[in-house]
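# Tertiary structure, described
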Amino acid sequence: MAASASPDGAVTQRIVIENCALATVDAQDTEYATGHVVVAGNLIESVGAGKAPEGLPGVVRRVDGTGHLVTPGLVNTHHHFYQWLTRGLATDHNLFNWLVALYPTWARIDAPMLAAATQGSLGMMVKGGVTTAADHHYVFPRGSGDLVGAELAAAAEIGARITLARGSMDRSEKDGGLPPDFAVETTEGALLATEEAIDKHHDASFGSMVHIAAAPCSPFSVSTALMREGAALARRKGVRMHTHGSETVEEEKFCHELFGMGPTDYFESTGWLGDDVWMAHCVHMNDSDIAAFARTGTGVAHCPSSNARLAAGIARVPDMLAAGVPVGLGVDGTASNESGELHTELRNALLINRLGAHREAALNARKALRLGTYGGAQVLGRTAEIGSLEAGKLADLVLWKLDGLGHSSIADPVTALVFGPPAPVTLSLVGGRPVVEDNHLSNVDEDALARTARAEAQRLARIAAGD
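Computed from a predicted structure; not experimentally measured. (Residues numbered from 1 in each chain as written. Predicted model: local features only at pLDDT ≥ 70, side-chain atom pairs only at ≥ 80, totals over all residues. Heavy atoms only, no water.)

Before going further, it helps to examine the overall build of the chain. Summing up its helical and strand segments, the chain has 14 helices and 17 strands in all. Over its C-alpha atoms the chain spans a radius of gyration of 22 Å, differing by no more than 12% from the 23 Å that the globule rule assigns to 467 residues. Looking at the chain residue by residue over its 467 residues, the buried ones come to 58%. Expressed as a percentage of contacts within the chain between residues at least 6 apart in sequence, the contacts between residues at least 24 apart total 74%. Summed over all atoms, the accessible surface of the chain reaches about 17,200 Å², with 52% contributed by carbon and sulfur. (Helix = DSSP H or I, 4+ residues; strand = E, 2+ residues; numbered from the N terminus. Rg over C-alpha atoms; globule rule 2.2 N^0.38 Å. Buried < 20%, exposed > 50% of the residue type's maximum accessible area, 1.4 Å probe, protein only. Contact = heavy atoms within 4.5 Å. Areas by Shrake-Rupley, 256 points an atom, 1.4 Å probe, with all protein chains shown as cover.)

Before going further, it helps to examine the packing of helix 2 (residues 111-127) against helix 14 (residues 446-464). Viewed as axis vectors pointing N to C, helix 2 and helix 14 meet at an angle of 135°, and their least axial separation amounts to 9 Å. Between helix 2 and helix 14, the interaxial angle falls into the category oblique. Viewed along their axes, helix 2 and helix 14 form a crossing whose handedness is left-handed. Between helix 2 and helix 14, the contacting residues are Pro112, Met113, Ala116, Gln119, Gly120 and Lys127 on the first element and Glu446, Leu449, Thr452, Ala453, Glu456, Arg459, Leu460 and Ile463 on the second. (Axes fitted to C-alpha atoms, helices over the stretch in contact; angles between N-to-C directions. Parallel < 35°, antiparallel > 145°, perpendicular 65-115°, else oblique. Left-handed = near helix turned anticlockwise from the far one by under 90°.)

Turning our attention to helix 11 (residues 343-353). For helix 11, the tally of buried residues reaches eight of eleven residues, placing the bulk of the element in the interior. Buried residues of helix 11: His343, Thr344, Glu345, Leu346, Ala349, Leu350, Ile352 and Asn353, and no others.

Glancing now at empty space enclosed by the protein. Within this structure, the stated rule accounts for three cavities of 30 Å³ or more. Within this model, the largest cavity holds a volume of roughly 110 Å³. Leu95, Trp98, Leu99, His244 and Glu247 are, among the 15 residues lining the largest cavity, the residues nearest its centre. Sort the elements by how many residues they give to the lining of the largest cavity and helix 1 (residues 95-106) lands first, with four residues. (1 Å grid on protein atoms, 1.4 Å probe; cavity = no way out; pocket = protein on both sides within 12 Å on 5 of 7 lines; lining within 4 Å. Points joined across faces, edges and corners; volume = space filled by probe spheres on them.)

Looking now at the confidence of the model for the chain. Across the chain, the average pLDDT comes to 96, with 98% of residues at 70 or higher. The least confident element of the chain, judged by mean pLDDT, is helix 6 (residues 249-259) at 90; the most confident is strand 5 (residues 68-72) at 99. Scored below 50 in pLDDT, residues 1-5 makes 15 contacts in the model with residues more than four places away or belonging to other chains. (pLDDT = per-residue confidence, 0-100.)

Further remarks concern the nonpolar core. What tends to happen in soluble globular proteins is that the nonpolar side chains get buried as a cluster. Core analysis: the largest hydrophobic core is formed by 109 residues, its most contacted members being Trp98, Trp106, Leu122 and Met320. Split by domain, this core shows at least three residues from each of two domains, domain 1 (14-72 + 388-441) and domain 2 (74-380). The residues contacting Leu122, other than those within four sequence positions of it, are Phe81, Ala133, Ala155, Ile158, Ala160 and Ile162. (Core = buried A, V, L, I, M, F, W, Y, C linked by side-chain atoms within 4.5 Å. Domains from an automatic or database assignment.)

Once that is clear, we can look at the domain arrangement of the chain. Along its sequence, the chain is organised into domain 1 (14-72 + 388-441) and domain 2 (74-380). Between the C-alpha centres of domain 1 and domain 2 there is a distance of 29 Å. Counting residues at the interface gives 35 residues for domain 1 and 28 residues for domain 2. Between domain 1 and domain 2, a total of about 2,400 Å² is buried, with carbon and sulfur atoms accounting for 66% of that surface. On the domain 1 side of the interface with domain 2, the three residues burying the most area are Val418, Phe419 and Leu441, jointly 24% of the side's total. In this assembly, domain 1 and domain 2 are joined by four salt bridges. Taking the shortest distance from any N to any O, the salt bridge between Asp29 and Arg370 comes out at 2.8 Å. The interface formed by domain 1 and domain 2 includes eight residue pairs in polar contact (both at pLDDT 80 or more). (Buried area = accessible area lost by both parts, 1.4 Å probe. Salt bridge = Lys/Arg side-chain N within 4 Å of Asp/Glu carboxyl O. Polar contact = N/O pair within 3.5 Å; in protein donor to acceptor, adjacent residues only side chain to side chain.)

Moving on to the pairing of strand 16 (residues 433-437). Two strands pair when backbone bridges link them, and strand 15 (residues 425-430) and strand 16 are joined in this way by four bridges, in the antiparallel orientation. When the sheet's bridge partners are listed, Ser428 is paired in strand 16 with Val436. Hairpin remark: strand 15 followed by strand 16, antiparallel, with two residues in the connecting loop; positive phi at Gly431, about 60°. Relative to strand 17 (residues 440-441), strand 16 is paired through two bridges, and the arrangement is antiparallel. Following the sheet pairing, Val436 is matched in strand 17 by Leu441. Between strand 16 and strand 17, which pair antiparallel and follow one another directly, the connecting turn spans two residues, one of which, Asp438, has a positive phi of 50°. (Pairing = 2+ DSSP bridges.)

Our next topic: the pattern of salt bridges. Per the stated rule, a full pass over the model turns up 23 salt bridges. Here Lys237 makes a salt bridge to Glu195, at a shortest N to O gap of 3.4 Å. Residue Lys237 is located in helix 5 (residues 224-237), and its partner Glu195 is located in helix 4 (residues 187-201); the two are separated by 42 residues in the primary sequence. For Glu456, the salt bridge identified is with Arg459, shortest N-O distance 2.8 Å. Of this pair, Glu456 and Arg459 are both found in helix 14, three residues apart, which corresponds to roughly one turn of the helix. When its relative accessible area of 14% is taken as the criterion, Glu456 is described as buried.

This is the structure we're talking about:
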């Protein structure tokens, strides 16, 4: 195998991981009971059975993966990082009541608060195998500072790839929406700020660390004008589009009362179905809705734990997959999923969907893993770069430790990962760079992060209480 070299003639540095089980999640679901991965620079150079090729130049690290499973890095498709500061509140509410209870607090966030919350939310996911995460941030209080810049700077310290869905709200209580009047932007202001975020931060190049999406919040907090003009803006700029859809029966009722149609028909009427769109939740969808998503290639971020926490219902994920709808997994904000971990969503997606009509045939371990990896990459439009272990793709991968007590009697490694307790992460790479080693974040001090997040949560609580 020939060595690649940089323009200055230096040999590309390589990392070799071998003696491990591999689940590639490629199109054939190729797996190796004992195999290897070679990382060259920021790319996967080779994946295969047995030992890595002999005589590779530039090897700077060899990892013995005995007792481990290597998978693609997990891809989180929906979150609200700022909610790290309001975990454990309004624990017995449905969605609408929960939003009304927490909006007044969320509307007081500022840039230092969001930076701390970003590192808490993202750090928790990365510790659990996430290498790419989408965050839907839609709260922009007046005078709060550069929230987009603060979030992206904080995320860069953790080291994961980010799709920041620049959200917006312009329908407040006085207009029949849920957010308080002081928590929303004007329609024009939201559109201008979204365009500014795209122009300043979106990087469409291969291996990009930052994507920006246009993301009006939801039908019950956004005007029809902002939905339509937001879609036009996104397509003019060539970025993806994200929003909440069909999360609860209350939302279905709201859409029929306000727009005279259900959520999916409303989205189609405003330009919000297409292969450049993904929506969070999609719990209450009929056969016609699923067919419309399949026909248009509209993606879904399935958030099983949050849907259970808010008593929203069970999304019809098996039916969506059968119809060809792209589906990934999402943590959702940690005010509705306090664990903040995506790897536990693999198990929860499988278990919760088995409570539905398809019962034990709903999902299996490998389908759940695909949702959390390739499915997420598909929803975020990055399957050429991430989501599977294949030569030429970015070296975003996770080495899961499965030889401890918790997994000791489960022979199949993928079953162990999905059905068993949360597996420790021995090594996680993003573009060939470590972001987790020995179950600890590589690039930040976790104890300092926890102290800062706790202090900012307390400061937010005091401000919201008027102290």
